[in-house]
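What follows is each chain in one-letter form.
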Amino acid sequence: MPKRVDHEERRAQIAEALIQVAGRRGLHAVGMRDVAAEAGVSLRLVQYYFETKEKLLFYGLQHLTDRFTARVGARLTAAGPDPGPRATAEALLLASLPTDEESRTFHLLYSSYSILSVTDDALAAQPFIDKPDAAENALTGLLEQARTSGLADPGIDARTEAISLLAMTAAMGTSILVGQRSPESAIAVLRHHFDRIFATVETPAAG
């Protein structure tokens, strides 16, 4: 009896190969043939599942986002059964800093997707992510929860603080990638701003 093919598993295998190759060579330098070789499958099979490079790149972005979500979830699990808004917010931001090989690849490729979508018409035609404001909305909600509960400065503008923290994290992530600063110094800067925002210090997420 022929072996049944799990198509989603095969798609994930190819997307993982894309991430591995792009993490080493840069997203702009990766072709479908390179991804096929990394995945150990034929070019024809990659084309069967994705048809074009742009569709492969978009699926790779979704796969990368799923991996990031799992990374945040692992940090929250490590923080305990009821981590609170500060530890939850820290887990969200610290997970995106390039402090190890996986998070380095995430930051590098996510930034590359953003840049390519500006100059590549085919990639720009794809929805970049399903909910582009998801992180901003989640962080805003956590800060509003903290403010309402008396855990944060009552005078903060939760939306503005969320935007600032996300922009700061993205910029510091790039500075880590290029060797301008260490992960430890970036984490210290983030926690300085959390100390400013939060009136009551909760147990911070593991760094």
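Residues numbered from 1 in each chain as written. Predicted model: local features only at pLDDT ≥ 70, side-chain atom pairs only at ≥ 80, totals over all residues. Heavy atoms only, no water.

**Q** Got a sec to walk through the packing of helix 5 (residues 84–94) against helix 10 (residues 183–197)? Specific residues and values, please.
**A** Where helix 5 meets helix 10, the axes come as close as 12 Å, and the angle between the chain directions of the two elements is 150 degrees. In terms of axis orientation, helix 5 runs roughly antiparallel to helix 10. Crossing hand, helix 5 versus helix 10: right-handed. Contacts between helix 5 and helix 10 involve R86, A89, E90, L93 and L94 from the first element and I187, L190, R191, F194 and D195 from the second. Split into classes, the residues belonging to the contact of helix 5 with helix 10 amount to 6 nonpolar, no polar and 4 charged. (Axes fitted to C-alpha atoms, helices over the stretch in contact; angles between N-to-C directions. Helix = DSSP H or I, 4+ residues; strand = E, 2+ residues; numbered from the N terminus. Parallel < 35°, antiparallel > 145°, perpendicular 65-115°, else oblique. Left-handed = near helix turned anticlockwise from the far one by under 90°. Contact = heavy atoms within 4.5 Å. Nonpolar A, V, L, I, M, F, W, Y, C, P; charged D, E, K, R; others polar.)

**Q** Let's hear about helix 10: which residues, and what values?
**A** Taking 1.5 Å of rise per residue, the 15 residues of helix 10 would be expected to cover 21 Å, and the 21 Å separating its terminal C-alpha atoms lies within 8% of that figure. Where helix 10 is concerned, the buried positions are A186, I187, L190, H193, F194 and I197. The buried side chains of helix 10 occupy one side of the element, clustering within an arc of 125 degrees when seen end-on. Opposite the buried face of helix 10, by more than 90 degrees, sit the exposed residues E184 and H192. Each element contacted by the buried residues of helix 10 is listed here: helix 5, helix 8 (134–148) and helix 9 (158–177). (Expected span 1.5 Å × (residues − 1). Buried < 20%, exposed > 50% of the residue type's maximum accessible area, 1.4 Å probe, protein only. Arc of directions from axis to C-beta.)

**Q** Just give me the short version of the packing of aromatic side chains, but keep the residues and values in it.
**A** Throughout the structure, instances matching the rule amount to 5 aromatic pairs. For the pair F50 and Y59, a centre-to-centre distance of 5.3 Å together with 55 degrees between the ring planes defines the contact as tilted. Looking at F50, the relative accessible area reads 2%, which means it is buried. Classification of Y59 as buried rests on a relative accessible area of 17%. Considering the side-chain rings of F68 and F106, the 4.6 Å spacing of their centres and the 10 degrees angle between planes classify their relative orientation as stacked. In this pair, F68 is assigned in helix 4 (residues 53–79) and F106 in helix 6 (residues 101–119), connecting sequence segments 38 residues apart. Judged by its relative accessible area of 15%, F68 falls in the buried class. Judged by its relative accessible area of 12%, F106 falls in the buried class. Members of the aromatic cluster, connected to one another through ring pairs, are F68, F106 and Y110. In this structure, R11 packs its charged tip against the face of F50, placed 5.3 Å from the ring centre. Across the ring face of Y59, the terminal group of R11 is positioned such that the distance to the ring centre comes to 5.7 Å. (Phe/Tyr/Trp six-rings, centres within 6.5 Å; stacked < 30°, edge-to-face > 60°. Lys NZ or Arg CZ within 6 Å of the ring centre and 35° of its normal.)

**Q** Please set out the UniProt feature "DNA-binding region" (unreviewed entry) in the protein residue by residue, giving values where relevant.
**A** UniProt records the feature "DNA-binding region" (unreviewed entry) for residues 31–50 in the present numbering. Annotated as 80% helix and 0% strand, the span residues 31–50 places its first and last C-alpha atoms 12 Å apart. (UniProt positions renumbered as here; feature names shortened; annotations may be inferred.)

**Q** So what's going on with the environment of K55? Residues and values would help.
**A** Within the secondary structure, K55 is located in helix 4. Separated by 67 residues in sequence, K55 and A122 have C-alpha atoms that sit 8.9 Å apart.

**Q** Please give an account of the side chain of R71 that cites residues and values.
**A** Residue position: R71 is located in helix 4. In terms of polar contacts, R71 uses its side chain to reach the side chain of D100, at 2.9 Å. Once you skip the residues sitting within four places of it in the chain, R71 turns out to touch A95, T99, D100, E102 and S103. (Polar contact = N/O pair within 3.5 Å; in protein donor to acceptor, adjacent residues only side chain to side chain.)

**Q** Explain the packing of helix 8 against helix 9 to me, and be specific about the residues and the numbers.
**A** Where helix 8 meets helix 9, the closest approach of the two axes is 8 Å, and the angle between their N-to-C directions is 130 degrees. Here helix 8 lies oblique to helix 9, going by the angle between them. Relative to helix 9, the crossing made by helix 8 is right-handed. In contact with A135, E136, N137, L139, T140, L143, E144 and R147 of helix 8, helix 9 contributes A158, R159, E161, A162, I163, L165 and L166. Taken together, the residues of the contact of helix 8 with helix 9 sort by class into 8 nonpolar, 2 polar and 5 charged.

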